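# Topology and contacts: notes
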Amino acid sequence: MTKKVVIDTDPGTDDALALIMALNSPELDIQGMTSVAGNARLADTTRNTLRLMNHLGHPNMPVAQGASRPLRGKFNYGYNYHGPRGLPVELVTTKSRPRSLRAPEYINSIGYSFPEEFVIIALGPLTNVARAIQREPRLVSWIKEIVVMGGAVEIGGNVTPYAEFNIWNDPHAANVVFDSGVPVTLVGLDVCVQVAFGRDDSDWREGQTTGGRLAADVLATWFTETHPDLDQYALCDPLAVAASIEPELLETKSATVSAEQEDAETYGQTRATYGDGNVKVALGVDVDRARAFVLERINSTH
Ligand code: RIB
Ligand code: CA
């Protein structure tokens with residue numbers, strides 16, 4: 001049974017690995033992608049999405065451009081982590097251009113076409129998804145599930161001691177999504193920092209397919225040029241894609257979740273009240289199975 005999905009993304013090195021996996025996964029019937037700023041400026045993340053689709057053999061994949069700013073304030077880009085312009089490698093240019101519909105309207109168009117049937121995989125700040133819900137309230141009954149890479153519930157953050165990058169970049173949007181009542185699977189740092197490729201691992205370097213070779217190139221460049229100081233690469237966005245296909249890789253607890261949007265020190269922190277709630281918070285992961293799944297999907301041909 002395939003799932004109709006829209007992937008919202010801010011490529012971003014781990015987004016790139018996640019998109020390679022998604023395109024190699026027959027379980028995902030990808031309707032299109034929406035770009036959001038976050039790891040880089042919107043122009044960079046949109047260009048990277050279009051060039052990745054072209055490089056991976058999907059030049060006609062619909063790509064709708066989204067938010068250059070969060071619902072309030074400005075984005076704080078992740079260049080220091082992902083490299084100049086969001087990726088440490090230069091992909092070939094493409095004639096592909098974003099669709100005329102902006103991301104929120106594109107997401108809503110998929111809802112009109114496939115009510116109660118489509119899944120959103122959100123790999124960046126949640127601004128596009130929040131705007132789609134704000135502009136079309138019926139969307140919340142049309143979305144089957146949102147798999148969110150974001151949050152840090154029972155552990156510290158990666159941009160502050162409290163907050164994870166995607167949520168920290170737009171906590172107001174995160175609260176629109178969390179409060180909407182849509183079923184959310186929250187794949188946060190609690191689980192994704194445990195699933196990693198190591199600098200000295202050889203398996204991720206052995207890619208034979210277009211996607212496998214691109215992933216190896218991105219990672220090798222990241223380890224040597226972008227981050228000679230780090231020995232582990234956390235597979236956060238790839239784990240969100242893996243969880244959308246094999247949810248049993250994760251152990252989750254139902255909760256209501258909120259993101260701190262006022263206090264300066266804890267801004268972007270995700271807090272869970274366990275019990276009834278629309279959010280399944282991922283608190284455990286089968287690390288070996290998840291890492292093997294990511295590696296297999298990066299290197300498979302679909
Ligand atoms: O905190 C990790 C998340 O922030 C990932 O989605 C990564 O791509 C960055 O956007
Ligand atoms: Ca991302």
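Summary of the structure given here. (Residues numbered from 1 in each chain as written. Chains lettered and ligands numbered in written order. Predicted model: local features only at pLDDT ≥ 70, side-chain atom pairs only at ≥ 80, totals over all residues. Heavy atoms only, no water.)

## A closer look at the site of ligand 1
Applied cut-off: Nearness is judged by heavy atoms alone; a residue qualifies as near a molecule or strand once a single heavy atom is within 4 Å of it. Between N or O atoms, a polar contact is any pair within 3.5 Å; within protein, one atom must be a potential hydrogen donor and the other a potential acceptor, and residues adjacent in sequence are included only when both atoms are from side chains. Exposure was quantified through the Shrake-Rupley algorithm and a 1.4 Å probe, taking into account, for residues, occlusion by the shown protein chains and nothing else. Each helix is a run of H or I in the DSSP string that is no shorter than four residues. Each strand is a run of E no shorter than two, and both are numbered from the N terminus. Nonpolar residues are Ala, Val, Leu, Ile, Met, Phe, Trp, Tyr, Cys and Pro. Charged residues are Asp, Glu, Lys and Arg, and all others, Gly as well, are polar.
Residues in close proximity to ligand 1 include Asp-10, Asp-14, Asp-15, Asn-39, His-82, Leu-123, Met-149, Asn-158, Glu-164, Phe-165, Asn-166 and Asp-237, which together make up its full environment. Between ligand 1 and Leu-123 there is a distance of 2.9 Å, counted from an oxygen atom to a backbone nitrogen or oxygen. Separating an oxygen atom of ligand 1 from a side-chain N or O atom of Asn-166 is a distance of 2.9 Å. Summarising the interface, the protein chains cover 94% of the accessible area of ligand 1, which totals 280 Å² for the free molecule. Within the residue set of the shell around ligand 1, elements represented by two or more residues are α1 (13-23) and α7 (165-169). Taken together, the residues of the shell around ligand 1 break down into three nonpolar, four polar and five charged.

## Quick word on the coordination of the calcium ion (ligand 2)
The following threshold applies: The rule for donors is simple: N, O or S, within 2.8 Å of the metal, or within 3.2 Å if the metal is Na, K or Ca. Water isn't counted, so a site may look like it is missing partners. Each residue is assigned to one of three classes by its accessible area relative to the maximum for its type, calculated with a 1.4 Å probe on protein chains only: buried under 20%, partly exposed between the two thresholds, exposed over 50%.
Around the calcium ion (ligand 2), the protein contributes the donor atoms Asp-10 (OD), Asp-15 (OD), Asp-15 (OD), Leu-123 (O) and Asp-237 (OD), at 2.2 to 2.6 Å from the metal centre. Each donor residue of the calcium ion (ligand 2) belongs to the same chain, with the gaps between them written as D-x4-D-x107-L-x113-D. With Asp-15 in helix α1 and Leu-123 in the loop between β4 (118-122) and α5 (127-135), this residue pair connects regions lying 108 residues apart in the sequence. As far as burial versus exposure is concerned, Asp-15 and Leu-123 are alike and both buried.

## With respect to the side chain of Arg-291
Note the threshold: Pairs of residues are marked as contacts when any of their non-hydrogen atoms sit within 4.5 Å.
The residue Arg-291 is located in helix α12 (residues 287-299) in this model. By relative accessible area, Arg-291 is classed as buried at 18%. Discounting residues that sit within four places of it in the chain, Arg-291 has contacts with Val-195, Ala-196, Phe-197, Asp-201, Asp-203 and Trp-204.

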